[in-house]
Amino acid sequence: MIEWASGLVASGGLAGVFLLMVAENLFPPMPSEVIMPLAGFAAARGRCRCWG
């Protein structure tokens, strides 16, 4: 499941993070403690920016 989430963050960027966080709030498939570090790692590597 972590591979799936990291792939979604890498390919979807902020939209992928948003979808994962919405899914985590509706039915908790994985905790946000897994999603947010993946997003931070992608942002640190320049793959996920806050603007276009």
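Structure's up top.
Described in the following lines is the structure provided in the data block. (Residues numbered from 1 in each chain as written. Predicted model: local features only at pLDDT ≥ 70, side-chain atom pairs only at ≥ 80, totals over all residues. Heavy atoms only, no water.)

For the protein chain, the count of helices and strands is three helices and zero strands. For the protein chain, the succession of helices and strands along the chain, N to C, is α-α-α. A compact globule built from 52 residues should have a C-alpha radius of gyration of about 10 Å, and the protein chain, at 10 Å, falls within 12% of that. Expressed along its principal axes, the backbone C-alpha trace of the protein chain runs to roughly 30 × 20 × 15 Å. Burial status across the protein chain gives 27% buried among its 52 residues. (Helix = DSSP H or I, 4+ residues; strand = E, 2+ residues; numbered from the N terminus. Rg over C-alpha atoms; globule rule 2.2 N^0.38 Å. Buried < 20%, exposed > 50% of the residue type's maximum accessible area, 1.4 Å probe, protein only.)

Attention now moves to the packing of helix α2 (residues 14-26) against helix α3 (residues 32-44). Their axes nearest at 10 Å, the elements α2 and α3 cross at an angle of 175 degrees. It follows from the interaxial angle that α2 and α3 lie roughly antiparallel. Only S32, I35, M36 and A39 of α3 make contact with α2, whose side of the interface consists of V17, L20, M21 and E24. (Axes fitted to C-alpha atoms, helices over the stretch in contact; angles between N-to-C directions. Parallel < 35°, antiparallel > 145°, perpendicular 65-115°, else oblique. Contact = heavy atoms within 4.5 Å.)

A separate point is empty space enclosed by the protein. Summed over the entire model, instances satisfying the criterion amount to one cavity of 30 Å³ or more. Taken as a whole, the largest cavity holds about 40 Å³ of empty space. Lining the largest cavity are M1, W4, L20, A23, E24, P29, M30 and I35. Take the lining of the largest cavity: its biggest share by element is three residues, from α2. Residues belonging to the lining of the largest cavity are distributed by class as follows: seven nonpolar, no polar and one charged. (1 Å grid on protein atoms, 1.4 Å probe; cavity = no way out; pocket = protein on both sides within 12 Å on 5 of 7 lines; lining within 4 Å. Points joined across faces, edges and corners; volume = space filled by probe spheres on them. Nonpolar A, V, L, I, M, F, W, Y, C, P; charged D, E, K, R; others polar.)

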